[in-house]
Amino acid sequence: MTAVQLPPVAPEVTATLVEDLSPRLRKRLDATVTKLGARPTHRDGGTVTIAVDDETELRLHAPGGVVATVDAITCGCLLAPACVHRAAAACAAPTADPAPEPADRPSRAVPEPASATDPGSASSPEMAGPAQRAAADALWSAGAAVLEAGVDGAGAVTQSTLLRAAHTARLRHLPRAAGAALSVVTLLRAARAGDPSYRTADLVTALAELLGTAHRVGTASGAELAAVRGAARRPYSPGGSLRLYGLFTEPVVTDSGHGGVRTWVAGSDGRLCTVGDVAPGGVGRALGVADRAVRLGDSALTHRELGRAGLAVSGATVSPDGRLGAGKGVKAVTARGAAWTEPPLAALWETPPSEQAARALRSASRYADPDGGGSDLLFLDVELLGAVRESGGTCLLARCEGGMWVRLTVADDDPALAHRDNLMLLAAAPGTRLRIIGRLVPALHPRLTLLACSHPTGEGTIDLGLDRLRRADLPDPAAPVHLAPLQPEGSGAHSPLYLLERRVEQTVPAGRAALGMLGDVTAETRRMRRAGLPTAAGLLTALCTSAAQRDRDLFGRLLPADTDGFATYWLAAARYTADVAESLCAAAWEPTQAR
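Residues numbered from 1 in each chain as written. Predicted model: local features only at pLDDT ≥ 70, side-chain atom pairs only at ≥ 80, totals over all residues. Heavy atoms only, no water.

Attention now moves to helix 5 (residues 156-171). An ideal rise of 1.5 Å per residue puts 22 Å on 16 residues; helix 5 measures up with 22 Å between its terminal C-alpha atoms. Listing the buried residues of helix 5 in full gives A156, T158, Q159, S160, L162, L163, A165, A166, H167 and A169. Packed against the buried residues of helix 5 are helix 1 (11-19), helix 2 (23-37), helix 3 (84-92), helix 4 (130-153), helix 6 (175-192) and helix 7 (200-217). Just downstream of helix 5 lies H173, where phi reads positive at about 65°. (Helix = DSSP H or I, 4+ residues; strand = E, 2+ residues; numbered from the N terminus. Expected span 1.5 Å × (residues − 1). Buried < 20%, exposed > 50% of the residue type's maximum accessible area, 1.4 Å probe, protein only. Contact = heavy atoms within 4.5 Å.)

Here you go:
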């Protein structure tokens with residue numbers, strides 16, 4: 001049998017199977033998960049079979065694509081159904097996205113009724129009910145347990161607690177917090193499996209989102225509470241009739257093996273929208289889909305063509321983040337596009353870079369409202385200066401309005417895509433003036449991933465991930481520009497904020513105890529205070545003190561650690577470093593930072 005991917009399993013199924021195990025079997029669970037991951041599997045329709053050994057098979061039945069019930073996982077061993085294999089299979093499989101709410105249920109959360117005996121309970125629809133607060137408390141406790149144990153100790157049992165809390169939160173109409181918990185589980189599994197795409201910073205963000213959202217459920221009210229609860233489904237609202245103008249098309253390749261494209265268009269009012277086509281298939285699919293017809297009404301335009309043409313759409317539906325729906329009532333016909341130098345597109349380049357960066361930063365924030373909308377794209381007129389080497393590789397340096405230096409990097413290093421080759425060709429043509437579109441990279445200096453540009457000859461545009469420039473397309477290079485050494489990267493370039501950031505990150509792999517053994521941090525706090533970061537210094541002291549603190553009882557025995565207190569300090573430090581880093585990024589784009 002050949003290996004095939006296991007079908008996704010509903011969170012509540014995994015949680016139930018783990019909860020039903022005896023304490024003895026729970027101790028064997030992680031080892032069994034690892035063992036099953038190495039066993040051969042095969043698929044027959046909606047059923048995936050795992051060969052537990054030469055005589056025993058385990059089956060996951062997913063007729064609808066998802067293992068939705070406990071009984072859908074069966075095992076042929078003598079201890080079944082009380083065996084460890086069923087729970088291990090569920091833990092080894094991907095976590096399924098939550099099922100959508102019934103169509104007749106409002107997508108906006110309905111608060112739980114107030115309890116007459118609880119003086120702190122909700123007394124109006126604008127406050128969270130006791131059941132929601134209880135669900136949020138369970139999520140907080142589960143997230144704090146992950147911080148206590150770290151990745152190394154957060155095995156299948158800890159993950160199942162998170163999955164149970166996520167399921168309960170979804171039933172209590174807290175989809176944002178539930179989604180954060182599922183993200184933490186997915187990242188924990190990636191970290192423990194040695195997935196090369198895993199980044200500790202991603203798990204830091206997911207944990208901080210989980211803990212922060214769970215905490216805010218009990219304190220927020222009104223519009224803030226609605227944002228904290230989130231939306232169970234991505235709503236598409238009627239957009240009426242739209243006149244759209246194509247901007248560019250970018251390939252989309254995800255770490256999960258999905259591939260496709262996203263075409264960006266702008267309305268007559270300058271609002272940005274996207275038309276996407278992403279599905280399992282990786283980079284090969286991304287390259288192929290670019291030349292397929294757009295799934296929008298009866299339009300015959302391909303994605304590449306739409307990026308340079310126009311559409312007239314009636315019956316349009318648009319999500320809060322600008323995605324255009326492709327429902328049956330949508331009608332679209334091809335219309336004339338507009339050059340980047342013509343209205344309405346030309347207006348996108350007229351906004352000062354600092355204002356564009358501030359808008360993009362709000363959209364790219366690690367803790368932005370999921371339904372806040374907005375775009376992280378910037379539209380700049382630049383003069384290319386040439387290639388410069390950095391610790392992470394080579395980037396293209398350009399000068400934009402006010403003499404500001406901007407670093408331009410590739411959006412994807414996959415050699416099948418054109419990003420890297422195009423950037424290197426452009427780097428060989430210093431003095432070239434281009435109109436570009438890039439995605440903001442939050443950093444202590446102006447930085448973008450380069451997505452599209454005007455053609456160096458002045459005719460048309462280039463989708464830098466899909467179209468390939470040739471040397472013949474480039475003008476004769478101007479006199480070389482001296483780029484070494486680079487000028488300062490802005491006021492925050494040498495900020496000691498990283499001293500706190502690295503302590504926040506160090507907690508995640510090995511847990512609270514590892515941070516508590518790091519020793520004296522006086523030198524680090526002194527450096528931060530000298531740099532004008534007294535709050536960061538105080539947070540670092542409190543975080544490390546909380547990590548090392550273990551009280552004893554009258555007999556000298558260690559008392560349980562204060563996991564809630566440590567989680568509170570860690571969350572404060574994580575959110576503070578993110579906020580300061582974003583402030584420094586915004587400051588780097590201000591005109592006073594011109595190079």
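Before going further, it helps to examine the environment of A190. Mapping A190 onto the fold places it in helix 6. Separated by 39 residues in the primary sequence, A190 and V151 place their C-alpha atoms 10.0 Å from one another. Contact partners of A190, with chain neighbours within four places excluded, come to D195 and Y198.

Turning our attention to the layout of surface pockets. One way to see where empty space is left: roll a probe the size of a water molecule over the atoms. Its volume calculated, the second largest pocket comes out at about 620 Å³. V441, P442, A443, H445 and R447 are the residues nearest the centre of the second largest pocket, which is lined by 31 residues in total. Residue contributions to the lining of the second largest pocket peak at four residues, all from helix 17 (residues 563-588). Per-class residue counts for the lining of the second largest pocket are 13 nonpolar, nine polar and nine charged. (1 Å grid on protein atoms, 1.4 Å probe; cavity = no way out; pocket = protein on both sides within 12 Å on 5 of 7 lines; lining within 4 Å. Points joined across faces, edges and corners; volume = space filled by probe spheres on them. Nonpolar A, V, L, I, M, F, W, Y, C, P; charged D, E, K, R; others polar.)

In this section: the sheet that holds strand 2 (residues 47-51). The four strands lie next to each other as 1-2-3-4, forming an open sheet whose pairing is antiparallel. Looking at the sheet topology across the chains shown, the edges are occupied by strand 1 (41-44) and strand 4 (73-75). Averaged over all neighbouring strand pairs, the angle between strand axes comes to 20°, with direction disregarded. Relative to strand 3 (residues 57-61), strand 2 runs antiparallel, the two sharing five bridges. Paired with T49 across the two strands is R59, which belongs to strand 3. (Pairing = 2+ DSSP bridges. Axes fitted to C-alpha atoms, helices over the stretch in contact; angles between N-to-C directions.)

What follows is about unusual backbone geometry. Put simply, A80 and P81 share a cis peptide bond, and its omega is 5°. Tracing the sequence through the fold places P81 in the loop between strand 4 and helix 3. Put simply, P343 and P344 share a cis peptide bond, and its omega is 5°. Assignment of secondary structure puts P344 in the loop between strand 9 (331-335) and helix 11 (353-364). Positive phi, close to 65°, is recorded for H173, a residue that is not glycine. Summarising the element assignment, H173 is placed in the loop between helix 5 and helix 6. Exposure remark for H173: the relative accessible area of 15% places this residue in the buried category.

A full pass over the atoms with the stated rule returns three aromatic pairs. Members of the aromatic cluster, each reached through a chain of ring pairs, are W340, W349 and F379. (Phe/Tyr/Trp six-rings, centres within 6.5 Å; stacked < 30°, edge-to-face > 60°.)

This brings us to the packing of helix 4 against helix 7. Interhelical geometry of helix 4 versus helix 7 gives an angle of 150° and a closest axis separation of 8 Å. Accordingly, the angle class assigned to the pair helix 4 and helix 7 is roughly antiparallel. Pair helix 4 / helix 7 crosses with left-handed handedness. The segment helix 4 lies against helix 7, with Q132, R133, A136, L139, W140, G143, A144, V146, L147 and V151 engaging L203, L207, L210, L211, A214, H215 and V217. Within the contact of helix 4 with helix 7, the residues separate by chemical class into 13 nonpolar, three polar and one charged. (Parallel < 35°, antiparallel > 145°, perpendicular 65-115°, else oblique. Left-handed = near helix turned anticlockwise from the far one by under 90°.)

Before going further, it helps to examine the packing of helix 1 against helix 5. For the pair helix 1 and helix 5, the least separation of the axes is 8 Å and the interaxial angle reads 130°. Judged on the interaxial angle alone, helix 5 and helix 1 are oblique. Crossing hand, helix 1 versus helix 5: left-handed. Of the residues in helix 5, those in contact with P11, E12, T14, A15, T16, V18 and E19 of helix 1 are V157, S160, L163, R164, H167 and R170. Across the contact of helix 1 with helix 5, the residue classes break down as five nonpolar, four polar and four charged.

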